Amino acid sequence: RKEVEQDPGPFNVPEGATVAFNCTYSNSASQSFFWYRQDCRKEPKLLMSVYSSGNEDGRFTAQLNRASQYISLLIRDSKLSDSATYLCVVKRGNNDMRFGAGTRLTVKP
Amino acid sequence: ETGVTQSPTHLIKTRGQQVTLRCSSQSGHNTVSWYQQALGQGPQFIFQYYREEENGRGNFPPRFSGLQFPNYSSELNVNALELDDSALYLCASGEAGAQETQYFGPGTRLLVL
């Protein structure tokens, strides 16, 4: 079993839709959590950190459930520019970051 | 842009050869990590350097080695290249600390023939 599991998708949604991505992790010692986005043939870029209380950044909302070892990302009012692969990341205390395989999102007109 | 640079951008090698990839960290960052990303997969952690010493290693064999220099630039060396080493190699810099994230360079695409 992989340490970080994501639904690979692809998710194909129309503009304006709301889409949710899920992620589970197996290492209960994980300390920090992030969502990155990666455009085709580009490097991953930090989208947002994920905090235990949940956090929001514009159209993006991230949730963390430590008891269930579950992370989610909600995107509201999808834009064409949201099309990318979304990577779930968990970090251990020694700065070792573990990535999921990514969930591919395509937003269509 | 993150300020993390990598060279070269692309590289072609043959099986059995050795390769050195380079990374220049973002100013103010004191850790550098290397990742291997195969097609369709997420980045896999190779190792991290902090204060010029290895500070954590993923599930990669010893033929993957690295160096960090006093100016926080870094090298990834891979000996005895195998076909499966073909991938995007990403360097990420950050600050030591559990809550800190990392910022990636554009990567080096390595093709082993």
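Everything in this summary refers to the structure shown in the same document. This one's a predicted model, so the numbers in the text were calculated from it and none came from an experiment. Along each chain, residue indices are assigned from 1 in the same order as the chain's sequence is written. Chain letters start at A and ligand numbers start at 1, both assigned in the order the entries are written. Only residues with pLDDT of at least 70 are given local features in this predicted model, and only at 80 or more are side-chain atom pairs given and counted; all residues enter the totals for whole chains, interfaces and linings. As a convention, hydrogens and water are excluded, and side-chain values are obtained from all of the structure's heavy atoms.

**Description of unusual backbone geometry**
Omega for the peptide link from A:Gly9 to A:Pro10 comes to 5 degrees, which places this bond in the cis form. Tracing the sequence through the fold places A:Pro10 in the loop between β1 (4-6) and β2 (11-14). Here the bond from B:Ser7 into B:Pro8 is cis, since omega is -10 degrees, no more than 30 degrees from zero. Elements are defined by DSSP. Helices are runs of H or I of four residues or more, strands are runs of E of two residues or more, and each kind is numbered from the N terminus. Within the element layout of this structure, B:Pro8 appears in the loop between β1 (5-7) and β2 (10-13). For A:Asp77, which is not glycine, the phi dihedral falls at a positive 50 degrees. Mapped onto the elements of the fold, A:Asp77 is located in the loop between β8 (70-75) and β9 (84-91). One non-glycine residue, B:Arg51, adopts positive backbone phi at about 50 degrees. You can see B:Arg51 is positioned in the loop between β5 (44-50) and β6 (53-57).

**Comments concerning the interface of chain A and chain B**
At the interface, 20 residues of chain A touch 25 residues of chain B. Counting the surface lost from both chain A and chain B, the interface buries some 1,900 Å², and carbon and sulfur atoms represent 45% of this. Salt bridge, as applied in this entry: a Lys or Arg side-chain nitrogen positioned within 4 Å of an Asp or Glu carboxyl oxygen. There are 0 salt bridges connecting chain A and chain B. What qualifies as a polar contact is a pair of N or O atoms within 3.5 Å, subject to a donor-acceptor requirement within protein and to the restriction that residues adjacent in sequence count only when both atoms come from side chains. Taken together, chain A and chain B are joined by 2 residue pairs in polar contact (both at pLDDT 80 or more). Going through the elements one at a time, β4 (32-38), β9 and β10 (97-99) of chain A are the ones with two or more residues in the side of chain A that touches chain B. Sort the elements by how many residues they give to the side of chain A that touches chain B and β4(A) lands first, with 4 residues. Partitioning the side of chain A that touches chain B into residue classes produces 8 nonpolar, 6 polar and 6 charged. Residue contacts are counted whenever heavy atoms from the two residues lie within 4.5 Å of one another. When two parts are put together, the accessible area they lose, computed with a 1.4 Å probe and summed over both, is reported as buried area. As a working rule, the residues Ala, Val, Leu, Ile, Met, Phe, Trp, Tyr, Cys and Pro are called nonpolar, Asp, Glu, Lys and Arg charged, and the rest polar, with Gly in that last group.

**Re the packing of aromatic side chains**
Whether two aromatic rings pair depends on their centres lying within 6.5 Å, for rings of Phe, Tyr and Trp, where Trp uses its six-membered ring; planes under 30 degrees apart make the pair stacked, over 60 edge-to-face, and the rest tilted. Summed over the entire model, instances satisfying the criterion amount to 11 aromatic pairs over all chains. Residues A:Tyr25 and A:Phe33 carry aromatic rings whose centres are separated by 4.9 Å and whose planes lie at 45 degrees to one another, so their mutual orientation is tilted. In this structure, A:Tyr25 and A:Phe33 share a single accessibility class: buried. Aromatic rings pair up to connect A:Tyr36, A:Phe99, B:Tyr35, B:Phe45 and B:Phe104 into one cluster. Only protein chains enter the calculation, and the probe is 1.4 Å; a residue is then buried if its accessible area is under 20% of its type maximum, exposed if over 50%, and partly exposed in between.

**Describing the pairing of strand β7 (residues 60-65) of chain A**
Residue and element names in this part refer to chain A. With 3 bridges connecting them, strand β6 (residues 55-57) and β7 associate as antiparallel partners. Residue pairing for β7: Asn-55 is matched across the bridge by Ala-62. Taking the residues that link successive antiparallel strands as the turn, the β6-β7 hairpin has 2 residues, and the phi of Gly-58 there is positive, at about 65 degrees. Counted along the chain from β7 to the antiparallel partner β8, the turn is 4 residues long, and its residue Gln-69 has a positive phi close to 55 degrees. Criterion used throughout: strands pair if DSSP finds at least two bridges between them.

**Considering the sheet that holds strand β7 (residues 64-68) of chain B**
All names here are of chain B. Taken together, 4 strands build an open sheet; the order of strands is β1-β3-β8-β7 and the sheet is antiparallel. Only two strands of the sheet have a single partner each, and these edge strands are β1 and β7. Direction aside, the axes of adjacent strands within the sheet are offset by 20 degrees on average. Of the pairings in the sheet, the one linking β7 to strand β8 (residues 74-78) comprises 5 bridges and is antiparallel in character. If you follow Leu-67 over to β8, its bridge partner there is Glu-75. Helix axes use the C-alpha atoms of the stretch in contact, all axes being lines fitted to C-alpha atoms, and the angles between their N-to-C directions lie in the range 0 to 180 degrees.

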